[in-house]
Amino acid sequence: MDARDQLAYGRRKFLGTSSAALVTAATLSKHAWGQGIPNRGADNGRSASSAGPENHLLGSVNPSNFSPPPTDHGDAPNFWSSFSTAHRRILEGGWSRQVNAEDFPIAREIAGVNMRLTAGGIRELHWNGAAEWGFVLSGNARLTAIDLDGKSYIKDLTANDLWYFPTGVPHSMQGLGPDGCAVLMVFDTGAFSDANTTQMSDWLRHTPRDVLAKNWGASQAALDAVYALPEGGRYIFQGASPNPIEQDQRTAAASKGRSSIAFHFSLGAMAPARKTASTEMKIVDARTFPVSTSIAAAHVVVKPGGLREMHWHPHADEWQYYLQGKARMTVFFNAGTARTADFAAGDIGYVPKTYGHYVENTGSTDLIFLELFRADRFQDVSLTDWIENSPPDLVRQNLGISREMPDATSKK
Ligand code: MN
């Protein structure tokens, strides 16, 4: 059966179905999968048909799994995940959900947490066994911390602001008016779990009363509130809206003064470091955001039809978070192995260090995503750059193409 026969076969089969089925297919065409989604695979006929149960909603989210491009091959690991399929831990004051190596084994270098705090909602005083890099997705949040000299840090952040707290630096976060905040946090190990941070209320609650009284020079009777705290700590709880920031900054710094460390960074105010016809990239790493020594970031905008060009990262795995739009990415895992997946807002992608990939905007709006690396520097290598900066005869003999074939506009 050649390709034309296969198409005819598919059409005959389709026309042979009952009119009720046709109506259903038409009604569902926006979401249905199989109908309306082109089979990019080698076999468009009998071999690609699916006669058993299918979860059509999941299939429509990731058509490249059901109908991979014929260039996909081999036994490649899953590199797609999504906060939208993660369990939400909902408490009074907000919620959180996470994707770490337990659910997403390929992600060994970075774990992600997505959190919502209501106005007044507090993520309690705590610290982590991993460094925390954060991004305000929407709304407003107040961060508090102390640096390693005990000096106070308090800052109000808004959408597109970043923060970074090194391992062990104690901090808290509170949602501000009018509607709290939504944030993304990533941690510099895939094994991180937000259920296993050191929470102030949890530790106090599990310290003998006489020791805690001695530690603070307090009477044991004055500690009743501590031992009424919930087993396991408060984690997230509803609080009152905080004081004006100037007041909190002044009172918190009354004894040791204010920290001189900028734990925050305004990505929104930054100009793109790279610009092509279809792609704009902002790059934030320890060169511009000195405290962020273990996470490097790029914020990428790709216009409809555009491509984050074929490239790789020589130094670290890439953890992606999709903020807006639709994308397709193929990761080449070497030894003839390649796999393609589709991404939408809220999804997570992962590319192991040195593996070639591209990210294509497959939607009708701007595609916006974050690239995050466990590194102090952002680094990538462009396939086109390599070709354009190699001996022409070598390129022609090796690949059968002229070195001049990629023109400037191809670097989109
Ligand atoms: Mn990349």
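Let me sum up the structure you'll find in this document. (Residues numbered from 1 in each chain as written. Predicted model: local features only at pLDDT ≥ 70, side-chain atom pairs only at ≥ 80, totals over all residues. Heavy atoms only, no water.)

### A word on the overall build of the protein chain
Broken down by element type, the protein chain carries 10 helices and 24 strands. Looking at the protein chain residue by residue over its 412 residues, the buried ones come to 44%. The contacts in the protein chain between residues at least 6 apart in sequence include a share of 74% that link residues at least 24 apart. When the accessible area of the protein chain is evaluated, it comes to approximately 20,700 Å², of which 54% is carbon and sulfur surface. (Helix = DSSP H or I, 4+ residues; strand = E, 2+ residues; numbered from the N terminus. Buried < 20%, exposed > 50% of the residue type's maximum accessible area, 1.4 Å probe, protein only. Contact = heavy atoms within 4.5 Å. Areas by Shrake-Rupley, 256 points an atom, 1.4 Å probe, with all protein chains shown as cover.)

### Considerations on the packing of aromatic side chains
Under the criterion given, the structure shown has 16 aromatic pairs. On the numbers, 6.3 Å between centres and 80 degrees between planes, the contact of Phe104 with Tyr350 is edge-to-face. Separated by 246 residues along the polypeptide, Phe104 in the loop between strand E3 (94-99) and strand E4 (111-117) and Tyr350 in strand E21 (residues 347-351) bring together distant segments of the chain. Taken as a pair, Phe104 and Tyr350 share a single burial class, namely buried. Ring centres 6.4 Å apart and planes at 0 degrees place the aromatic pair Trp133 and Phe135 in the stacked group. Each of the two residues, Trp133 as well as Phe135, counts as buried. One aromatic cluster is present, built from ring pairs that chain together Phe79, Phe333 and Tyr355. Sitting over the ring of Trp95, Arg88 keeps its end group 4.9 Å from the ring centre. The cationic tip of Arg89 hangs over the ring face of Tyr235; the distance from NZ or CZ to the ring centre is 4.1 Å. (Phe/Tyr/Trp six-rings, centres within 6.5 Å; stacked < 30°, edge-to-face > 60°. Lys NZ or Arg CZ within 6 Å of the ring centre and 35° of its normal.)

### Quick look at the coordination of the manganese ion
Looking at the manganese ion, the protein donor atoms are His311 (NE2), His313 (NE2), Glu318 (OE) and His357 (NE2), and they sit 2.0 to 2.2 Å from it. Within one chain, the residues donating to the manganese ion are spaced in sequence as H-x1-H-x4-E-x38-H. (Donors = N, O, S within 2.8 Å, 3.2 Å for Na, K, Ca; no water.)

### Some remarks on the nonpolar core
Of all hydrophobic cores here, the largest spans 75 residues; its most connected members are Phe79, Trp133, Trp163, Met173, Leu184, Trp319 and Leu372. Both of domain 1 (86-265) and domain 2 (269-385) provide at least three residues apiece to this core. Those residues in contact with Trp319, other than ones at most four positions away along the chain, are Phe83, Ala107, Ile110, Gly112, Leu184, Val186, Ile348, Gly349, Tyr350, Leu370, Glu371 and Leu372. Leu204, Ala213, Leu223 and Val226 belong to the second-largest nonpolar core, a separate cluster that totals six residues. (Core = buried A, V, L, I, M, F, W, Y, C linked by side-chain atoms within 4.5 Å. Domains from an automatic or database assignment.)

### Looking at the sheet that holds strand E20 (residues 338-344)
Strand order in this open sheet of five strands is E20-E19-E22-E17-E24, and the pairing throughout is antiparallel. A single partner strand is all that each edge strand has here, and the edge strands are E20 and strand E24 (381-382). (Pairing = 2+ DSSP bridges.)

### Details of the sheet that holds strand E18 (residues 318-324)
Ordered by their spatial adjacency, seven strands build an open sheet running E1-E21-E18-E23-E16-E15-E14, and the pairing between neighbours is antiparallel. Of all the strands in the sheet, the pair left with one neighbour each is strand E1 (80-82) and strand E14 (274-275). Note that E18 and E21 share four bridges and pair antiparallel. Residue Glu318 lies in a different strand from E21, and its bridge partner there is Val351.

### Notes on the pairing of strand E23 (residues 367-373)
Burial of E23 is extensive: seven of the seven residues sit out of reach of the surface. Residues Leu367, Phe369, Glu371 and Phe373 point to one face of E23 and Ile368, Leu370 and Leu372 to the other, with burial holding for every one of them. Bridge count between strand E16 (residues 296-302) and E23: seven bridges; the pairing is antiparallel. Along E23, the bridge assignment pairs His299 with Leu370. Two elements, E18 and E23, share six bridges in a ladder whose sense is antiparallel. Within E23, the position partnered with Tyr322 by the bridge is Phe369.

### Considerations on the side chain of Ser201
Along the chain, the position of Ser201 falls in helix H5 (residues 200-205). A relative accessible area of 5% places Ser201 in the buried class. Among all residues touching Ser201, those that are not within four sequence positions of it are Glu124, Leu229, Gly233 and Arg234.

### Looking at the pairing of E21
Within E21, five of the five residues are buried, which leaves it mostly tucked inside the rest of the structure. Along E21, one buried face is formed by Asp347, Gly349 and Val351 and the opposite face, lined by Ile348 and Tyr350, is buried too. Where E1 meets E21, three bridges bridge the pair, whose relative direction is antiparallel. Along E21, the bridge assignment pairs Ser82 with Asp347.

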